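Residue-level listing of the chains:
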Amino acid sequence: MVRVQVEMSEEDRERFSEQAKREGKTLDAWLVSVGRQSVDEPAPVDKESQLESTNGETNVGVGQSILDIFDELHGSMPEGALDGLPADGSRNYKHYLYGFPKVEDER
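Along each chain, residues carry numbers from 1 onward, in the same order as the chain's sequence is written. In view of the model being predicted, local features appear only for residues whose pLDDT reaches at least 70, and side-chain atom pairs are presented and counted only at 80 or more, with totals across whole chains, interfaces and linings using the full set of residues. The basis for the side-chain values is all heavy atoms of the structure; hydrogens and waters are excluded.

Novice: Can you explain the confidence of the model for the protein? Please cite residues and give values.
Specialist: Overall, the predicted model of the protein reaches an average pLDDT of 80, with 78% of residues at or above 70. As a per-residue measure, pLDDT tells how confident the predictor is, with possible values from 0 to 100. Only runs of H or I of at least four residues qualify as helices and only runs of E of at least two qualify as strands under DSSP, and these elements are numbered from the N terminus. When pLDDT is averaged over each helix and strand of the protein, the minimum, 50, is found for strand β1 (residues 52-54) and the maximum, 92, for helix α1 (residues 10-22).

What follows is the structure in structure tokens.
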């Protein structure tokens, strides 16, 4: 066993000690388990803390895949919200956003 000394603020020590107690561990054991988790396996994704609503805006968190973000945003849209969008929006986005002439199909 190797002894390691860690310097931290009193505030951090109190917060970490409280969390360790909640998990039924000593501060030392809790710090070791947190270190092992960060090295051995990725931290679990807490979607609730990653998606925070602020003035109607959605802020996505670090570590989410783009598909998870898309699913969250798509799931929050009201039914029928996409019904009025044009079918050629990706091809003619300049027309719809900036008023450029439409690009017609070359078929």
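Novice: Can you break down the packing of aromatic side chains residue by residue, with the values?
Specialist: Note on aromatic pairs: the rings of Phe, Tyr and Trp (six-membered ring only in Trp) are paired at centre separations within 6.5 Å, and the planes decide the class, stacked below 30 degrees, edge-to-face beyond 60, tilted for the rest. For the coordinates displayed, the defined rule picks out two aromatic pairs. Look at Y98 and F100: their rings are 6.4 Å apart centre to centre, the planes differ by 70°, and that puts the pair in the edge-to-face class. For each residue, the accessible area found with a 1.4 Å probe, counting protein chains only, is set against the maximum for its type, and the residue is called buried under 20%, exposed over 50%, and partly exposed in between. We classify F100 as partly exposed; its relative accessible area is 44%. A cation over an aromatic ring shows up here: K94 above the ring of F100, its NZ or CZ 5.8 Å from the ring centre. Look at NZ for Lys and CZ for Arg. If either is within 6 Å of the ring centre and within 35 degrees of the ring normal, a charge sits over the ring.

Novice: Describe in detail a nonpolar patch on the surface, supporting the description with residues and values.
Specialist: A contiguous nonpolar patch, built from Y93, L97, Y98 and F100 and spanning about 480 Å² of accessible area, is present on the exposed surface. Its place among the elements puts Y98 in helix α5 (residues 93-98). On the basis of relative accessibility, which here comes to 59%, the residue Y98 falls in the exposed class. The residues that make up patches have over 30% relative accessible area and no salt bridge, and they are joined within 9 Å when like-charged or within 5 Å when they are Val, Leu, Ile, Met, Phe, Trp or Tyr. Residue-level accessible areas treat just the shown protein chains as cover; the underlying method is Shrake-Rupley with a 1.4 Å probe. What counts as a salt bridge is simple: a side-chain nitrogen of Lys or Arg found within 4 Å of a carboxyl oxygen of Asp or Glu.

Novice: Explain the environment of S33 to me, and be specific about the residues and the numbers.
Specialist: By secondary structure assignment, the location of S33 is in helix α2 (residues 27-40). Between the C-alpha atoms of S33 and A20, which are 13 residues apart in sequence, the distance is 10.0 Å. Here a polar contact means two N or O atoms within 3.5 Å. Within protein one must be a hydrogen donor candidate and the other an acceptor candidate, and residues neighboring in sequence count only if both atoms are side-chain atoms. Here K25 takes part through its side chain, which lies 3.3 Å from a polar atom of the side chain of S33.

Novice: Explain the side chain of N92 residue by residue, including any values.
Specialist: Relative to the elements of secondary structure, N92 occurs in the loop between α4 (66-75) and α5. Looking at N92, its side chain comes within polar contact range of the side chain of D88, at 2.7 Å. Here the side chain of N92 touches V103 through a polar contact of 2.5 Å, landing on its backbone nitrogen. A contact between two residues is defined here by any heavy atoms of the two lying within 4.5 Å. Those residues in contact with N92, other than ones at most four positions away along the chain, are K102 and V103.

Novice: Can you lay out the environment of R91 for me, pointing to particular residues and giving the numbers?
Specialist: Inspection of the secondary structure assignment puts R91 in the loop between α4 and α5. On the accessibility criterion, R91 (40% relative accessible area) is partly exposed. On a C-alpha basis, the gap between R91 and D105 in space is 9.2 Å, while along the polypeptide they are 14 residues apart. Excluding residues that lie within four positions of it along the chain, R91 makes contacts with V103 and D105.

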